[in-house]
Amino acid sequence: MSIELALDPYLIRSDFPIFNRTVRDNKRLIYLDNGATSQKPEVVIEAEANFYRNTNAAVHRGAHHLAEEATEAYEEARDSVSEFLGAKPSEVIFTKNATEAINLLAYAFTNAESGNRFHLTPQDRIVVTEMEHHANLIPWQQLAKRSGAHLGWFCVDDEGRLDLSDIDSIITESTKIVALTHQSNVLGTINPLGAIIARAHQVGAIVVLDACQSVPHMEVDVASLGVDFLAFSGHKTLGPTGVGVLWGRSELLEDLPPFLFGGSMIETVTMTGATWAAPPTRFEAGVPNMAQAVGLSTALKYLSNVGMRNIHAHEMKLTERLLDALNEKKSVTIFGPKNLEMRGGVVSFAVEGIHPHDLGQFLDSHGIAVRTGHHCAWPLNRKLGVVATTRASFYLYNTDADVDELVIGINAAEKYFGTI
Amino acid sequence: MQLDNLYQEVILDHYKHPEHKGLLQEFDVQVHHVNPSCGDELTLNLSLKDGHLILGWDGVGCAISMASASIMASLLTGKGINESQPILDAFVALMQSKGAQSGDEEVLEDAVAFAGVSQFPARIKCALLAWMAYKDASIQIRK
Ligand SMILES: Cc1ncc(COP(=O)(O)O)c(C=O)c1O
């Protein structure tokens, strides 16, 4: 166990080479688009490069020295992911990203034959929420289409929280899947999982958690959460692109049919058929993303060293600073929780009279990177009654100065576009 | 400042005081275009009277996409359908010029203000939203 010292974002920034560069005519880079992807510390870049430099070979396939070392590195990466999540290594499946992880699961349902617990029929029901990222909505829409199952959802209230008042009529006796996000990538809302998991398990449904916005930013322990499957992306977690994780409870993975077929995922093969390897190998067809898995493992160790509680506390300080400043401005509307309760470091807002695209462009000319648009959550935007929003999302390397620059930038944009 | 290349005075004027905004009572063609990367939406009405185009539009979007719709509608209203083609072609070419062209004012009039947009790859689609809707509508009206 490492001792958790309070987080100094300036020390942390020195670990991230990207902060040595400037943007748009020598402006300091103020990176507030962490909800989309995170920057990478030098150790992660090195770990990925070093795998190629020193260890590169196809894992699980060969008796030679390099194959052995590569396999060891890849399986060690699996161990560190499982340790980070409080899971067993055999429960950790490497995918390309969270999108692929969720699709893997949705297609595995389709591949389940009658008699398998994952087999769906038109009598079954899948439940999602109105605040899902497209990655945790469309795969379930499509599964509902393929299987004939009914798709239902929880609505979002005016404060940007899930409306659980009809929980029993939304998660019905026939519900087989409840898929929801841990933290909204638009509103910052952290969803209360307890009641939902309890009801889902009461009716025998499995709970799938999109943890893209939580695993990078707070302590997530699958054992105490009580969900059945969980997905996150490495690239939002200081890790490389091209690697994500699907975690599933072992007893469920045992029965889950594969999604992708090919090399590595089999037990025996004849000309007419095949049987499947045990999890997690069953779900990792083909030569996997070894260097990226190793990079992700290094990223998770980096995060653990800083301490996930420290990171969350730091981000909440920044969020409070921004909310305080924006709440003062009459021209700004904040979407989502206006206080710090059950929310993370993601703040979406609108500035009266300035379209988010124009605001984003203006802020960019000050070196400030924010996200503008519908954030891949089009139904939620419709519910909020906006075409697009501007989003600032924090991470461990952001500073109070970053927040202040953003607020100064918004004020300057209002002058520039003549709205005040 | 580079930003002023993008937000020319004319563009901000049209954004604040859009022209030909509002759908037509009667029209020959109606098209609806969206920019899926940002959610901007535009509905364009087109009608032909005695060989002259009448345009009406409505939409939600950024200063660039809305000003572009306004300037395009002013520019094309009253023109013949064949006359509009070289204007459309000139605008598309300007957007693809990566900042190398300043645009022919004889052909594009106020629309040359968008020359700066071609230096901002992420915004070209905004400027083209209305023009692509017009392209679509003009093909339909010819049928
Ligand atoms: C909540 C949420 N779910 C899913 C995703 C999809 O992640 P990826 O594109 O890495 O698969 C994202 C990323 O934007 C997200 O924020």
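Procedures and definitions
Residues numbered from 1 in each chain as written. Chains lettered and ligands numbered in written order. Predicted model: local features only at pLDDT ≥ 70, side-chain atom pairs only at ≥ 80, totals over all residues. Heavy atoms only, no water. Helix = DSSP H or I, 4+ residues; strand = E, 2+ residues; numbered from the N terminus. Rg over C-alpha atoms; globule rule 2.2 N^0.38 Å. Buried < 20%, exposed > 50% of the residue type's maximum accessible area, 1.4 Å probe, protein only. Contact = heavy atoms within 4.5 Å. Areas by Shrake-Rupley, 256 points an atom, 1.4 Å probe, with all protein chains shown as cover. Lys, Arg positive; Asp, Glu negative; His and termini not counted. Charge placed at Lys NZ, Arg CZ, Asp CG, Glu CD. Phe/Tyr/Trp six-rings, centres within 6.5 Å; stacked < 30°, edge-to-face > 60°. Pairing = 2+ DSSP bridges. Core = buried A, V, L, I, M, F, W, Y, C linked by side-chain atoms within 4.5 Å. Salt bridge = Lys/Arg side-chain N within 4 Å of Asp/Glu carboxyl O. Domains from an automatic or database assignment. Buried area = accessible area lost by both parts, 1.4 Å probe. Polar contact = N/O pair within 3.5 Å; in protein donor to acceptor, adjacent residues only side chain to side chain. Nonpolar A, V, L, I, M, F, W, Y, C, P; charged D, E, K, R; others polar. Axes fitted to C-alpha atoms, helices over the stretch in contact; angles between N-to-C directions. pLDDT = per-residue confidence, 0-100. Left-handed = near helix turned anticlockwise from the far one by under 90°. Near = heavy atom within 4 Å.

### A look at the overall build of chain B
If you tally the helices and strands in chain B, you get six helices and three strands. When the helices and strands of chain B are read in sequence order from the N terminus, they spell out α-α-β-β-β-α-α-α-α. Scaling as 2.2 N^0.38, a compact globule of 143 residues should have a C-alpha radius of gyration of about 15 Å, and chain B matches this with 14 Å. Dimensions of chain B, computed from C-alpha atoms along their principal axes, come out at roughly 45 × 30 × 25 Å. Looking at chain B as a whole, 51% of its 143 residues qualify as buried. In chain B, 59% of the contacts between residues at least 6 apart in sequence involve partners at least 24 apart. Just so you have it, chain B exposes about 6500 Å², and 49% of that area is on carbon and sulfur atoms. Separation between the mean location of the 10 positive side-chain charges and that of the 18 negative ones in chain B comes to 8 Å.

### Brief notes about the packing of aromatic side chains
Residue and element names in this part refer to chain A. Tallied over the entire structure, the rule returns 19 aromatic pairs over all chains. Where Phe 118 meets Phe 229, the ring centres are 6.5 Å apart and the plane angle is 65°; that geometry is what we call edge-to-face. With Phe 118 in the loop between helix H4 (98–111) and strand S5 (125–129) and Phe 229 in strand S9 (residues 229–233), this pair connects stretches of sequence that are 111 residues apart. A residue is classified by how much of its surface remains accessible, and Phe 118, at 1% relative accessible area, is buried.

### Topic: the pairing of strand S3 (residues 52–60) of chain B
All names here are of chain B. Looking at chain direction, strand S2 (residues 40–49) and S3 are connected through nine bridges and run antiparallel. Looking at the pairing, Asn 45 lines up with Gly 56 of S3. Hairpin connection of S2 to S3: two residues between the antiparallel strands, including Asp 50 at a positive phi of 50°.

### Re the nonpolar core
Leu 44, Ile 64, Phe 114 and Tyr 134 of chain B are the most contacted members of the largest nonpolar core, which has 75 residues in total. Looking at this core element by element, the count peaks at 11 residues for helix H6 (residues 121–142) of chain B. Beyond its immediate sequence surroundings of up to four residues, Leu 44 of chain B is in contact with Val 29, Gln 30, Val 31, Leu 55, Gly 56, Trp 57, Met 72, Ala 130, Ala 133, Tyr 134 and Ala 137 of chain B. In terms of nonpolar packing, the next biggest core, distinct from the first, is built from 74 residues, Ile 197, Met 218, Ala 291 and Leu 303 of chain A among them.

### Looking at the pattern of salt bridges
Pairing between side chains of opposite charge can happen when their charged atoms approach one another. Residues and elements named next belong to chain A. All chains considered together, the criterion is met by 18 salt bridges over all chains. One salt bridge in this structure joins Arg 117 and Asp 255, with 3.2 Å as the shortest N-O distance. Taken together, the positions of Arg 117 in the loop between H4 and S5 and Asp 255 in helix H9 (residues 250–255) put the pair 138 residues apart, joining distant regions of the chain. Relative accessible area serves as the criterion here: at 35%, Asp 255 is assigned to the partly exposed category.

### Here's the deal with the domain arrangement of chain A
All names here are of chain A. Domain boundaries assigned for chain A yield domain 1 (9–31 + 307–416) and domain 2 (45–304). Its C-alpha centre places domain 1 at a distance of 29 Å from the equivalent point of domain 2. Every contact between the two is made by 36 residues of domain 1 and, on the other side, 35 residues of domain 2. The three residues of domain 1 that bury the most area against domain 2 are Met 308, Met 342 and Leu 380, which together make up 24% of that side's buried surface. Put simply, domain 1 and domain 2 have two salt bridges between them. For the pair domain 1 and domain 2, the interface holds 20 residue pairs in polar contact (both at pLDDT 80 or more). Those elements giving two or more residues to the side of domain 1 that touches domain 2 turn out to be helix H11 (308–327), strand S14 (346–351), helix H13 (378–384) and strand S17 (389–393). Here the side of domain 1 that touches domain 2 is built from residues that sort into 19 nonpolar, 10 polar and seven charged.

### Description of the sheet that holds S5 of chain A
Residues and elements named next belong to chain A. Strands sit in the order S4-S10-S9-S8-S7-S5-S6 across an open sheet of seven strands; the sheet is mixed. Of all strands in the sheet, those with a lone pairing partner are strand S4 (92–95) and strand S6 (150–154), marking the two edges. Across the sheet, the axes of successive neighbouring strands diverge by a mean angle of 20°, strand direction being ignored. Note that S4 and strand S10 (residues 244–248) share four bridges and pair antiparallel. Within the sheet, the bridge partner assigned to Ile 93 lies in S10 and is Leu 246. Relative to the sheet, helix H3 (residues 65–85) contacts S4, S9 and S10, its axis offset from that of S4 by approximately 115°. In the packing of H4 onto the sheet, contacts are made with S4, strand S7 (175–181), strand S8 (206–210), S9 and S10, and the angle to S9 comes to roughly 150°.

### Considerations on the confidence of the model for chain B
Considering every residue of chain B, the mean pLDDT works out to 94; 99% of them sit at 70 or more. Model confidence for the complex: the whole-complex pTM is 0.94, and ipTM, which rates the interface, is 0.88.

### Thoughts on the packing of helix H3 (residues 63–76) of chain B against H6 of chain B
Residue and element names in this part refer to chain B. Running from N to C, H3 and H6 point in directions that differ by 35°, and their axes come no closer than 8 Å. By crossing handedness, the relation of H3 to H6 is classed as right-handed. Where H3 abuts H6, its residues Ile 64, Ser 65, Ser 68, Ala 69, Met 72, Leu 75 and Leu 76 lie against Arg 123, Cys 126, Ala 127, Leu 129, Ala 130, Trp 131 and Tyr 134.

### Focus: the packing of helix H12 (residues 356–364) of chain A against helix H14 (residues 400–416) of chain A
All names here are of chain A. The geometry of H12 relative to H14 is characterised by a closest axis approach of 9 Å and an angle of 115° between their N-to-C directions. Both H12 and H14 take part in a crossing whose hand is right-handed. Contact residues: Leu 359, Phe 362 and Leu 363 in H12; Leu 406, Gly 409, Ile 410, Ala 412, Ala 413 and Tyr 416 in H14. Broken down by class, the residue content of the contact of H12 with H14 amounts to eight nonpolar, one polar and no charged.

### Focus on the site of the ligand
Residue and element names in this part refer to chain A. Taken together, 13 residues surround the ligand, and among them Thr 99, Asp 210, Ser 233, His 235 and Lys 236 come closest. Gln 213 has a polar side-chain atom sitting 2.6 Å from an oxygen atom of the ligand. Relative to its unbound accessible surface of 400 Å², the ligand loses 89% to contact with the protein. Residue classes in the shell around the ligand are distributed as three nonpolar, eight polar and two charged.

### Some words on the sheet that holds strand S13 (residues 332–335) of chain A
Hydrogen bonding along the main chain pairs the strands of a sheet, whether they run parallel or antiparallel. All names here are of chain A. Strand order in the open sheet formed by four strands is S13-S14-S17-S16, with antiparallel pairing between adjacent strands. Each having just a single partner strand, S13 and strand S16 (371–373) make up the two edges of the open sheet. Neighbour to neighbour, the strand axes of the sheet diverge by 30° on average, direction disregarded. In this sheet, S14 lies alongside S13 in antiparallel orientation, the contact comprising four bridges. Within the sheet, the bridge partner assigned to Thr 333 lies in S14 and is Ala 350.

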